[in-house]
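Each chain, written out:
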Number of protein chains: 4
Amino acid sequence: MSSPSLPHPCAAELPKRERRKEARPGELLDAALDLFVEKGYAATKVDEVAARAGVSKGTLFLYFASKEELFKAVVRENIAGRFQLWNEEFERFEGSTADMLRYCYSSWWEHVGSTRASGITKLMLSEAGNFPEIAQFYQQEVADPGQQLIRRMLQRGVECGEFRACDIDCAVYAVLAPLIFLTLCKHTMATCVPEAFRTAPQGFLDIQLDILLQGLCAPAGTPIATR
Amino acid sequence: MSSPSLPHPCAAELPKRERRKEARPGELLDAALDLFVEKGYAATKVDEVAARAGVSKGTLFLYFASKEELFKAVVRENIAGRFQLWNEEFERFEGSTADMLRYCYSSWWEHVGSTRASGITKLMLSEAGNFPEIAQFYQQEVADPGQQLIRRMLQRGVECGEFRACDIDCAVYAVLAPLIFLTLCKHTMATCVPEAFRTAPQGFLDIQLDILLQGLCAPAGTPIATR
Amino acid sequence: MSSPSLPHPCAAELPKRERRKEARPGELLDAALDLFVEKGYAATKVDEVAARAGVSKGTLFLYFASKEELFKAVVRENIAGRFQLWNEEFERFEGSTADMLRYCYSSWWEHVGSTRASGITKLMLSEAGNFPEIAQFYQQEVADPGQQLIRRMLQRGVECGEFRACDIDCAVYAVLAPLIFLTLCKHTMATCVPEAFRTAPQGFLDIQLDILLQGLCAPAGTPIATR
Amino acid sequence: MSSPSLPHPCAAELPKRERRKEARPGELLDAALDLFVEKGYAATKVDEVAARAGVSKGTLFLYFASKEELFKAVVRENIAGRFQLWNEEFERFEGSTADMLRYCYSSWWEHVGSTRASGITKLMLSEAGNFPEIAQFYQQEVADPGQQLIRRMLQRGVECGEFRACDIDCAVYAVLAPLIFLTLCKHTMATCVPEAFRTAPQGFLDIQLDILLQGLCAPAGTPIATR
DNA sequence: GATGAATGAGTGTTCATTCAT
DNA sequence: TATGAATGAACACTCATTCAT
């Protein structure tokens, strides 16, 4: 029914050398992402990256003009065009806004938080100061679209009476904060939180959602934050 | 024969040279904190630190055995022993737990978030991987006590019926996340959030408290997070 | 069965592939000469040479064992065996020695000075220090025969009473200097002399000849250079 | 009456370290000039320069920002402001123009040709192509003033009837060529000419002067260069 | 104690050369 | 034969650290 032994259809026709050439940039970006996330930009040596990718230092420079370009490529490569998909899902979504928020957290964890892509956020937080150009790119490609999406969600909730009115600008960050926090727990606060929390944070996300939704859904006139 | 206007009581009796000598380490730590926070560990040159402190490079090494020791000293020095005071305040506090949480956020912003001490958190997030020893120290001195304090607050709220029962381990992080988030906004996500948000985040903290308290205070049986 | 218009007689009978193969070394030497002369030995990359010759880097090493060998081949290849011809012309020459000298300058410009062969002299002047072996070869093949030829010309002039007696060893260099100077003007002092001078130096050569001949032809007893 | 043992008056008051600091740039430029002239720019390693100056590589970079800056400094440093002095001498000169030309050659040999300053000319001839900026500087500071001086000398000779009229632009180069030639003999054509010629070329310069002056001084109507 | 000149191990980058295809 | 991906030795340059003054 299926061809029993062809390793990979598109690779089958290329001589080994060629296949490697196509794979090289990816393998290098792969190795580089790991090391940059683990040790930071400065502490990562290009020899290490090359070695981890199984090539020599010279080969790395065949594909990336400099360490800085390698870093930029790592960031660009891993910033998925996920926001377009998420925006489309937002448009089509027919359930409650609460469910939408739940889906949003869950999808984030599945496609970003639990994957190596989350390392990019850590990199930005650590290195943004030294790469303003990249930081701006990240903001345009990730930060701004993300905040927009959350804002639209909250506005939807308020407009259809599901959420009480509130300062949406601030509420956006209330939604965002737990995701950022979780990312950091995974990458740089490892020892500060229990292992289970980092690898299977569904409980944390659920609690956050509960609290958020309880907070956002309270009747409009609820007297809160009295002091 | 005695100078009539003494600038500083403890410095009064020392000749100028001596006074400076005592002040040196502090001035160096001061300069170092700023630079480490701004540029990261690797990108900070010891010459810069010395220059900013107004001394020569050699002098820096008179007080700190190495750049690494300087870094560690910066972290240690700025990790205030504030938790002892906060713990005492917790013991004495007589108001509602909601008010206690409000006081906690407010005090954190006043004594940590709005001060340079918040830079230490940023440093830990960026450099912890390369300084495990320091990371552990930070955890013992800051992370653990902080989480303990929050936990006790939440337990108090639950025990006296103010908060509904919930997974306290996770709720701790719900309280913590906004503070971490705010710290990052100030130090590494500057361009991602409005200026006003970073320098005067009372609105953000209020919203967070509202949402948190609404979420935590909901009647025990409140049906939430159905899915 | 025979192609009607043969582009080149000796290439006619070979299939295209073969022809190219034979032409390869020449094309490479061609490209290399240009680049070595223009940029110097060290600043010339073998990739550039290969690219200019329209082949890959690997192919270059098929024909020349190393960059150094390529350089040596460039020099050897372009050191014309012109001296044999010139020597024969010298033997047969029947006019005055002054005319012979004029012919010599003119022929040098036509066959060396105005052609790329003059680049070899520039190369020697620039790189001889790093290629003693090649420098020696150049001396044997070019410098010595050239000086010999000039010497014989001057001796002929003196012997037949056309030129006054003088230190011939030094006079040789008086004849040589303008040619060396002209070569340098073309290749490395471009900006120091007017454009017209470099590309059409007949005027310069004429003046030089005038001065030289006036100087060499003065009556034997002419009191000169008194001081 | 004289202090018997003070090594150097101006150095006596400085501590040894300080003195060295002032001497360092000069020592490095010294070493660099030798090596650049001997081996060319690319083949000269900064370590070698440092070693020859008796310091470490790091020290070199304390005084010169890069290898290129070192090279430029070498050229600038050795391009004496000799032309100002020569111009003044020209203004004051009261003898014949022939004597002036003799003095000119002799002074050039004494102050340039026989010294290491002549190495700069060799450097320019070899490396100008790779350092256009330096080449321009050299032209302005050396080539142009030199040609100007020669031109004025020739004009003086023609105007006072000593020299016959001729194309002065070309005659300038006739005067220049032997000096360039001699420089090259010393630095890159060493093996092409006898040892004595390079180190004591007075004979050569005399002959050149004789020929030049015979050529330039011939009566205006002398029939020359007939062809 | 304070200085800053000197150091040299370490790193990013280049490029002639090799060799599997 | 021709290719061009891969290599690694070599080099310019940095910067934490030392130490004579």
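Up top you'll find the structure we're talking about.
What follows concerns the relation of the copies chain A and chain B. In screw terms, the move from chain A to chain B is a rotation of 179° and a rise of 0.0 Å along the axis, fitting with an RMSD of 0.2 Å. Taken together, these values place the two copies in the relation of a two-fold axis. Taken together, the interface assignments show that 100% of the residues at the interface of chain A recur at the interface of chain B, consistent with an identical surface on both copies.

This part takes up the side chain of D:Arg151. Along the chain, the position of D:Arg151 falls in helix H8 (residues 132-159). For D:Arg151, the residues in contact, after removing those within four places along its chain, are D:Ile168, D:Asp169 and D:Val172.

Around DNA strand E lies a shell of 37 residues, among which B:Thr59, C:Lys67, D:Arg24, D:Thr59 and D:Tyr63 are the nearest. What you see for DNA strand E is that sugar and phosphate hold 64% of its atoms within 4 Å of the protein. Note that a base nitrogen of DNA strand E is positioned 3.4 Å from one of the backbone N or O atoms of B:Gly58. Taken together, the residues of the surface near DNA strand E sort by class into 11 nonpolar, 10 polar and 16 charged.

In this assembly, 51 residues from chain D lie in contact with 52 residues from chain C. Taking both partners together, chain D and chain C bury about 4100 Å²; carbon and sulfur atoms supply 64% of that area. Considering only the side of chain D, the residues that lose the most area to chain C are D:Tyr173, D:Ile211 and D:Gln214, jointly responsible for 16% of the buried surface there. Counting only elements with at least two residues in the side of chain D that touches chain C, the list comes to helix H1 (16-39), helix H6 (97-113), helix H7 (118-127), H8, helix H9 (168-187) and helix H11 (202-217) of chain D. Ranked by residues supplied to the side of chain D that touches chain C, first place goes to H11(D) with 11 residues. Looking at the side of chain D that touches chain C, its residues break down into 29 nonpolar, 12 polar and 10 charged.

Below, the discussion takes up the protein's contact with DNA strand F. In the vicinity of DNA strand F, 38 residues are found, and the nearest of them are A:Arg24, A:Thr59, A:Tyr63, C:Thr59 and D:Lys57. For DNA strand F, the backbone makes up 65% of the atoms found within 4 Å of the protein, where backbone means sugar plus phosphate. Here C:Ser56 contributes a backbone N or O atom positioned 3.2 Å from a phosphate oxygen of DNA strand F. Within the backbone of D:Lys67, one N or O atom sits 2.7 Å away from a phosphate oxygen of DNA strand F. If you list the elements that add at least two residues to the surface near DNA strand F, you get helix H1 (16-39) and helix H3 (57-63) of chain A, helix H2 (46-53) and helix H3 (57-63) of chain B, helix H3 (57-63) of chain C together with H1, helix H2 (46-53) and helix H3 (57-63) of chain D.

Our next topic: the state of the cysteines. On inspection of all chains with the given rule, the structure shows zero disulfides over all chains. Considering cysteine sulfurs only, B:Cys170 is the nearest to B:Cys166, which forms no disulfide, with 8.7 Å between them.

What follows deals with the interface of chain A and chain B. Every contact between the two is made by 51 residues of chain A and, on the other side, 51 residues of chain B. For the pair chain A and chain B, the summed buried area comes to about 4100 Å², and 64% of that belongs to carbon and sulfur atoms. At the boundary of chain A with chain B, the tally comes to zero salt bridges. Of all the secondary structure elements, the ones that give two or more residues to the side of chain A that touches chain B are helix H6 (97-113), helix H7 (118-127), helix H8 (132-159), helix H9 (168-187) and helix H11 (202-217) of chain A. Tallying contributions element by element places H11(A) first for the side of chain A that touches chain B, with 11 residues. Considering only residue class, the side of chain A that touches chain B consists of 30 nonpolar, 12 polar and nine charged.

This part is about helix H9 (residues 168-187) of chain C. Residues and elements named next belong to chain C. Look at H9: 29 Å from first C-alpha to last across 20 residues, which is about the 28 Å you get at 1.5 Å a residue. A bend of about 35° at Leu176 is the largest found in H9, and the proline Pro178 appears one to four places after it. Taken across its 20 residues, H9 has 17 buried, putting it largely inside the fold. The N-capping residue of H9, defined by a side-chain oxygen 2.9 Å from the backbone nitrogen of Asp169, is Asp167.

A few words now on the packing of aromatic side chains. Taken as a whole, this structure holds 55 aromatic pairs over all chains when the rule is applied. With 5.6 Å between their ring centres and 40° between their planes, A:Phe181 and B:Tyr173 make a pair best called tilted. With A:Phe181 in helix H9 and B:Tyr173 in helix H9 (residues 168-187), the pair connects residues from two separate chains. Pair check on accessibility: A:Phe181 and B:Tyr173 agree, each one buried. Relative to B:Tyr103, the ring of B:Phe93 lies with its centre 6.3 Å away and its plane at 35°, an arrangement referred to as tilted.

All names here are of chain C. Topologically, Ser114 is positioned in the loop between helix H6 (97-113) and helix H7 (117-127). Sequence separation between Ser114 and Leu182 is 68 residues, and the spatial gap between their C-alpha atoms is 9.7 Å. If we ignore the near neighbours within four places in the chain, the residues touching Ser114 are Trp109 and Lys186. Among the polar contacts made by the side chain of Ser114, one reaches the main-chain carbonyl oxygen of Trp109 at a distance of 2.8 Å.

Reading the values: rules and limits
- Residues numbered from 1 in each chain as written.
- Chains lettered and ligands numbered in written order.
- Predicted model: local features only at pLDDT ≥ 70, side-chain atom pairs only at ≥ 80, totals over all residues.
- Heavy atoms only, no water.
- Least-squares fit on C-alpha atoms with pLDDT ≥ 70 in both.
- Contact = heavy atoms within 4.5 Å.
- Helix = DSSP H or I, 4+ residues; strand = E, 2+ residues; numbered from the N terminus.
- Near = heavy atom within 4 Å.
- Polar contact = N/O pair within 3.5 Å; in protein donor to acceptor, adjacent residues only side chain to side chain.
- Nonpolar A, V, L, I, M, F, W, Y, C, P; charged D, E, K, R; others polar.
- Buried area = accessible area lost by both parts, 1.4 Å probe.
- Disulfide = S-S within 2.5 Å.
- Salt bridge = Lys/Arg side-chain N within 4 Å of Asp/Glu carboxyl O.
- Expected span 1.5 Å × (residues − 1).
- Bend = angle between axes of the 7 residues up to and from the residue.
- Buried < 20%, exposed > 50% of the residue type's maximum accessible area, 1.4 Å probe, protein only.
- Phe/Tyr/Trp six-rings, centres within 6.5 Å; stacked < 30°, edge-to-face > 60°.

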